[in-house]
Structure formats: structure tokens, C-alpha cells
Amino acid sequence: MILSGLEIKDKLGSDIVIEPYDDSRLNPNSYNLRLHHELLVYDNNELDMKKPNTASPLIIPEEGLLLETGKLYLGRTIEYTESHNYVPMLEGRSSIGRLGLFVHVTAGFGDVGFCGYWTLEIFCVHPIRVYPGVEICQIFYHTIEGEYSTYKSGKYQNNKGIQPSLLYKDFEK
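Quick notes on the rules
- Residues numbered from 1 in each chain as written.
- Predicted model: local features only at pLDDT ≥ 70, side-chain atom pairs only at ≥ 80, totals over all residues.
- Heavy atoms only, no water.
- Helix = DSSP H or I, 4+ residues; strand = E, 2+ residues; numbered from the N terminus.
- Contact = heavy atoms within 4.5 Å.
- Salt bridge = Lys/Arg side-chain N within 4 Å of Asp/Glu carboxyl O.
- Disulfide = S-S within 2.5 Å.
- Buried < 20%, exposed > 50% of the residue type's maximum accessible area, 1.4 Å probe, protein only.

Novice: I would appreciate a short explanation of the environment of Ile16 in the present structure.
Specialist: Mapped onto the secondary structure, Ile16 falls in strand E1 (residues 16-19). C-alpha separation for the pair Ile16 and Tyr141, spaced 125 residues apart in sequence, amounts to 9.2 Å. Filtering out sequence-adjacent residues up to four positions away, Ile16 remains in contact with Leu3, Ile8, Lys11, Glu82, Tyr86 and Tyr141.

Quick look at the structure:
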């Protein structure tokens, strides 16, 4: 089951943390998260799964930044979130999708116990101007059945900023 917006609000401070929180971004069954002013872009056109891939920061100015097609931008949410006893999920807002902007390529699924900022895998169909602080995506929460272990990965837990892929660490095991 998906939590209602009112249930999300009721669970704040215990099973759900959203900081900063603003009632105006609460929806009937989700909460809108905003785009931070910094993006990362990979430095090389060819990426290697087994190696760290360097990336450079881009700042989105107040007048916006025009994103190019065929290029992956990594962003993050302004909001820090924690989820205890619920499965967090992230989706783009329909108004954003109708402009041809994807906010995640595949990673919209979170784990129970995740604590941190959401890294967004931003890709556009058409060139589009984006702005810092825009409500770009929405988080919603599923209940979980049965016994479970909470998320404890050292790769992305308690992140402080945009997280490029750390897949190469899986090859080190």
C-alpha cells in the first residue's frame, strides 16, 4: 500500500524524515522534492563500470541552465530524507515528464533505512532550461510486508551531495 499524504505528514519525525519540510509541497499521496543548484557531468564520453568515473560540477544560475539532449546530468534533491519501516520511491512530477525531462534513468526505488539526499539521473528529450529549487520530483512511500533488513550499504548511505556511480566498488569484493 502507498501512504497517503496525510499519513506521510503523520509519520514525520519518526518513521519518515524530510528536511526541510513545507506543507505546501504535500500531495494526496506524495511529497514534492526540489532540485539543488549543483549538477555533476561525467568528464569522459566513455564510462567504465569497473573504475571510478570522474565528474565535474555545474552550477545552475538563477536564470536557469539549458540542458542538452543525449547527455546525463547528475543532480540531487535539496531535501534530506530518511525512511524507517517504509520503502521510499521517487518519480518525476507529471508536469516535468510532459516537458520530456527524466529525473531518474532507473534508480527510483529506495530501500528501507535509506538516509540521505536523492541523486537524480537527469536526461532530457528536448533541450530544456532548468532552474534551482524547482519542484522536480515526488517521493512516496510503500508499506513493507514480512521481516526485513534495513539499508546499510556503505556506497550511498548518509551521502552529503551528488553521488556518481560507485558500481566499481562491487568489483572490488
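Further notes follow.
Novice: I would appreciate a short explanation of the pattern of salt bridges in the present structure.
Specialist: Oppositely charged side chains can pair when the atoms bearing their charge come close. Enumeration over the complete set of coordinates arrives at seven salt bridges. Two residues, Arg25 and Asp22, come together in a salt bridge whose shortest N-O distance is 3.5 Å. Shared partners join several salt bridges into a network, and the residues in it are Asp22, Arg25, Arg34 and Glu79.

Novice: Whenever I open this one, the state of the cysteines confuses me. Can you help?
Specialist: Two cysteines form a disulfide when their sulfur atoms are joined by a covalent bond. For the structure on display, the rule yields zero disulfides. Looking at the unpaired Cys124, the closest cysteine sulfur is the one in Cys137, lying at 16 Å. For Cys124, a relative accessible area of 1% gives the class buried.

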